[in-house]
Amino acid sequence: MEAKKRGGFSVVSDRAASDLEAFEWNSTMDLLACLTAAPDSTMSIYRLLSEDQSPKLLSEKITGVGSSLAWSPCGRRVAVGDRLGGITLFDGETGSVLHSRRSHSAPVTALCWVDGHYAYEEPAWSGMLPPLLTVPSAPSNMFAETPSREDLNSSKFSILASVDEVGHVVLAAGGTFPLQVKDIFEDQHQLQSRCRNPMALHLSPDLRCLAVLLGPGSPSMATPDVRSPPSQASVNSPEGGSPKKSPSSDLAVVVWDVRRLAIRRKELAQCSAMAERLCGVASYTQQAVDTLGTVWRSSASGFVNKIRALTECIEAYSGAGSRAMAVHSELLFTLCTGNPSDPVHAFLTRQSTPQQLSRLEKSLMQALDYVNLVTCSHLQVAVQHMLTILQELKVCAGWDRFTSIGLDSALISQLEEQVMRFAALTEQLLLDSSYARRFARTVFHLLLYQAQKLSEGATPDNTTGTPSSRLDPAHCTAPNPSDVEDFVARQQSLELKEVTSRIGSRAKASDAEEEVEASLAFQVAQLVSLVKGLGQGISSEMARHSAPLMCESFSAPSPWHCVASPELRAVASADAASLVPSPRGIGLPRVHMAWEDLSTNQGKGLKETLPEQLLILWCGGSPEAQLHLARIHLPVGAPGAAIQPQSQLATLKVNSLGSGHFMLSRSYDASHVAALILEEGESKQPTATVCLLDISALEFHPPGEEVPMVLNQLPQDALRQSAALPESYLWASSMRVMSHRGVCSIYSWRKRRLLTLDLEDEDDAEDDDMALES
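Caption draft 1: Geometry of the overall build of the chain. Secondary structure assignment for the chain yields 14 helices and 30 strands. When burial is assessed residue by residue, the chain has 53% of its 774 residues classed as buried. Accessible surface, the chain: about 33600 Å² in total, of which carbon and sulfur atoms supply 50%.

Caption draft 2: Looking closely at the packing of aromatic side chains. A complete count under the given rule lists two aromatic pairs for this structure. In this structure, Arg631 is placed above the aromatic ring of Phe700, and the distance from its NZ or CZ to the ring centre is 4.2 Å. The cationic tip of Arg736 hangs over the ring face of Phe23; the distance from NZ or CZ to the ring centre is 5.0 Å.

Caption draft 3: Geometry of the pattern of salt bridges. All told, the structure shown has 20 salt bridges when counted by the stated rule. A salt bridge links Glu624 to Lys653; the shortest N-O distance between them is 3.4 Å. You can see Glu624 sitting in the loop between β20 (612-620) and β21 (626-634) and its partner Lys653 sitting in strand β22 (residues 646-653), a full 29 residues away along the chain. With respect to class, Glu624 is no different from Lys653; both count as buried.

Caption draft 4: Layout of the pairing of strand β5 (residues 42-46). Within β5, five of the five residues are buried, which leaves the element mostly enclosed by the surrounding structure. Of the two faces of β5, the one holding Thr42, Ser44 and Tyr46 and the one holding Met43 and Ile45 are both buried throughout. In textbook terms, the turn of a hairpin is the stretch between consecutive antiparallel strands, and for strand β4 (residues 32-36) and β5 this stretch comprises five residues, one of which, Ser41, has a positive phi near 50°. Direction of pairing for β5 relative to strand β6 (residues 56-61): antiparallel, over a ladder of five bridges. Counted as the bridge partner of Ile45 is Leu58 from β6.

Caption draft 5: Main features of the nonpolar core. Formed by 114 residues in total, the largest nonpolar core has its most connected members in Leu210, Trp296 and Leu364. Not counting residues up to four positions away in its chain, the partners in contact with Leu210 are Ala161, Val169, Leu171, Leu201, His202, Leu203, Val254, Val255, Trp256, Val258 and Trp595. Counting residues in hydrophobic clusters, the runner-up holds 29 residues, among them Val11, Val563, Leu676 and Ile746.

Caption draft 6: Summary view of the pairing of β4. Of all five residues in β4, five are buried, a share of seventy percent or more. By the alternation rule, side chains of β4 split into Leu32, Cys34 and Thr36 and Ala33 and Leu35, which are all buried. Here five bridges tie strand β3 (residues 20-25) to β4, and the two strands are oriented antiparallel to one another. Pairing of Leu20 across the sheet is with Thr36, part of β4. The hairpin turn running from β3 into β4, its antiparallel successor, is six residues long.

Caption draft 7: Structural view of the sheet that holds strand β16 (residues 209-214). Judged by pairing direction, the sheet is antiparallel, and its four strands sit side by side in the order β15-β16-β17-β18 without closing on themselves. Both outer strands of the open sheet, β15 (198-203) and β18 (547-555), are each paired with one neighbouring strand and no more. In this sheet, neighbouring strand axes are inclined to one another by 15° on average, regardless of whether the strands run parallel or antiparallel. As defined by bridge partners, strand β17 (residues 250-257) adjoins β18 across eight bridges and the pair is classed as antiparallel. Within β18, the residue paired with Val255 across the bridge is Met550.

Caption draft 8: Spotlight on the environment of Gln646. You can see Gln646 is positioned in strand β22. In this structure, the C-alpha to C-alpha distance between Gln646 and Leu634, residues 12 residues apart in sequence, is 6.7 Å.

Caption draft 9: Layout of unusual backbone geometry. Of note, the amide linkage connecting Ala38 to Pro39 takes the cis form, showing an omega dihedral of 5°. Mapped onto the fold, Pro39 is located in the loop between β4 and β5. Omega for the bond connecting Ser622 with Pro623 falls within 30 degrees of zero, at 5°, which places this linkage in the cis form. With respect to the helices and strands, the residue Pro623 is situated in the loop between β20 and β21.

Caption draft 10: A look at the side chain of Ser158. Examined against the element boundaries, Ser158 turns out to sit in strand β12 (residues 156-164). Assessed through its relative accessible area of 7%, Ser158 is described here as buried. Looking at Ser158, its side chain comes within polar contact range of the side chain of Trp113, at 3.1 Å. Ignoring sequence-local partners within four residues, the contact set of Ser158 consists of Pro73, Trp113, Val114, Asp115, Gly116, Ala172, Ala173 and Gly174.

Caption draft 11: The confidence of the model for the chain, seen in detail. Taken residue by residue, the chain gives an average pLDDT of 80. The fraction at 70 or more is 80%. Here helix α1 (residues 191-194) stands out as the least confident element of the chain, with mean pLDDT 43; strand β8 (residues 77-82) is the most confident, with 94. Scored below 50 in pLDDT, residues 187-193 shows six contacts in the model against residues more than four places distant or in partner chains. Low pLDDT (under 50) marks residues 600-606, which in the prediction has two contacts with non-local residues, meaning those over four places away or in another chain.

Caption draft 12: Structural view of the environment of Arg83. Position of Arg83 relative to the elements: it lies in the loop between β8 and β9 (86-91). With relative accessibility at 36%, the residue Arg83 sits in the partly exposed group. It is 5.5 Å that separates the C-alpha atoms of Arg83 and Val65, two residues lying 18 residues apart in sequence. Arg83 has contacts with Glu21, Val65, Gly66, Ser67, Ala106 and Pro107, leaving out every residue within four places of it along the chain.

Caption draft 13: Up close: the sheet that holds strand β14 (residues 177-183). Taken together, four strands build an open sheet; the order of strands is β11-β12-β13-β14 and the sheet is antiparallel. The open sheet has two edge strands, β11 (108-119) and β14, and neither has a second partner. Strand-to-strand twist of the sheet, defined as the mean angle between neighbouring strand axes without regard to direction, takes the value 15°. By the bridge criterion, five bridges tie β12 to strand β13 (residues 168-173) in an arrangement that is antiparallel. Within the sheet, the bridge partner assigned to Ala161 lies in β13 and is Leu171.

Thresholds, definitions, all that
- Residues numbered from 1 in each chain as written.
- Predicted model: local features only at pLDDT ≥ 70, side-chain atom pairs only at ≥ 80, totals over all residues.
- Heavy atoms only, no water.
- Helix = DSSP H or I, 4+ residues; strand = E, 2+ residues; numbered from the N terminus.
- Buried < 20%, exposed > 50% of the residue type's maximum accessible area, 1.4 Å probe, protein only.
- Areas by Shrake-Rupley, 256 points an atom, 1.4 Å probe, with all protein chains shown as cover.
- Phe/Tyr/Trp six-rings, centres within 6.5 Å; stacked < 30°, edge-to-face > 60°.
- Lys NZ or Arg CZ within 6 Å of the ring centre and 35° of its normal.
- Salt bridge = Lys/Arg side-chain N within 4 Å of Asp/Glu carboxyl O.
- Pairing = 2+ DSSP bridges.
- Core = buried A, V, L, I, M, F, W, Y, C linked by side-chain atoms within 4.5 Å.
- Contact = heavy atoms within 4.5 Å.
- Axes fitted to C-alpha atoms, helices over the stretch in contact; angles between N-to-C directions.
- Polar contact = N/O pair within 3.5 Å; in protein donor to acceptor, adjacent residues only side chain to side chain.
- pLDDT = per-residue confidence, 0-100.

Set out below in structure tokens:
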């Protein structure tokens, strides 16, 4: 696809777009993930920078209504939050669901996935254990075994941060294992008085601070107990007084101290990997038990129904007595006399044939083989995995640095006992299966032997009949003495309830308590519950060591209030009144946060007490919409120590005439900001352009002392600007950038268009010109 030039930039793609709820660029590859709004709610991935005529790579329907998305740092997975509070991880290449968990009780409003900068080394034993095989879905394909899906655990440690509408924040290792759970609004009954809606969150790259952007609130908002002094309460308050109170424009940024994530990242990486693997094996075991129970009950149903028919036939003749004892008595009478009793004779001649009994025997024996196979090659292998993982965690729990993150040795010992109880039940199931096999074989041999005798008596010429109706003589012999003795001694249930109750079922709660507790389903459910407690202990301990650092309020009125065009203002006002959120509506303010890298001037000191710096961007002002940049310097001290955040502001105007407005802004890299400009004039139609600014050329001042700069005052190499964009992007509602590939995407919700620009094209063109000249 040939790119068209737009001033200093080139147009990579200008295409129709759906009603997008969210869209994000991959940080390592030229992939754009788009999440459509309800009722469609589909996650699609595009390769817009390729020359393919059809750039869509995949499209997956979201189970709930999607509300937010984020790429993993490695670029291979996509996290999608929904309005039911769930978070689903998708494979970025195949679109398959890797993991799904309901981490929140309210709609997920924002996600942020950060690299943990640590590579966890897999233990040596991980490659020595037998693989976990996919549980067969039926006895007929029980030997077609394939390895189960590989673990989600990656050797690279990363943290997915998520927040919902009520301020519930979850930090999960790899996006799957919760490390920390925190409520911004700890006192839930004050939630309505605060009226704050979390809009975005950003975890610092060094994992020490978490910033949460809170949406418009009421004047009576009560902020959390913060450690910043009153003089730093507002980045817009020159005298340190109360910030402006405007329900439509007041925003706040709350920063939490989560440095324990950075200090114990190695321990957290190791524990989360082991605990998540344990959760995965426990879930696999529970699924295997459920599948085993379903397949066994389905396969044994034919035999059970046939035995019930025999029981009813016997009751019809005898009329009273215990059903099980009556059937045993009649079968024993048949064994002793060598001739079927009247009820058995009626059953064999009217309700069954030798061929039916032979098929039932084959089906039941195959089902018992299935039980043995799943128990030995799946459940007991899973037990080996769990005991090995628990042994590893038990060793870790003996170190203070692991107990400091909430790893509980007592709970690990309890888990070991639970796994051993489950392992003992698998052994008992193998015994029950063996007894059931001998018992059923005796019953079938008895019935088949008598049925064949009756059949031969009805047809004296044994050669008559089709070949398919003739049974194997080996199946029509009398039971051997040892099987008969076992049949007489055990008095086992003819419906093989011993095997069925030993497997159990999660949905069945009518059995006796002792019977339920002796089932695999009950014990594995207990095991899964205990495994969840392992993660809860870690998240509770980590939350105990987090605390709010500051809460900065600032006024960010919508830039659309400054636009002179009546049509644009009317649409923006309607979107603002309807509270149409980003990236769709154009009436509400757009604020972006980014943590700045201070590694070049950190100097000496403990890593956990080095300063942090948060950059906040928004557009607004009067009479023209200006670009505002706020730097909040956080001199992070010792844990629990009070801090005094320092704010500095820079303001940039499009021109001195007041006819240009900054509408959207986004941090591009450590030193550049991308912005969308809307220029108006009395003699011309409004035009939209994109510019790339070098913020190192801006002057930052304390609040109240900032002096707005104009674009033409910047050095020539500090500003690059495109030509006028198509008219559809006068209605631009959102912007996303990716510095790795040098692209910027502009979305116009009103016109359903998505424009992608190559911001690095100018440098590439200069290099090409120099190459041609040489």
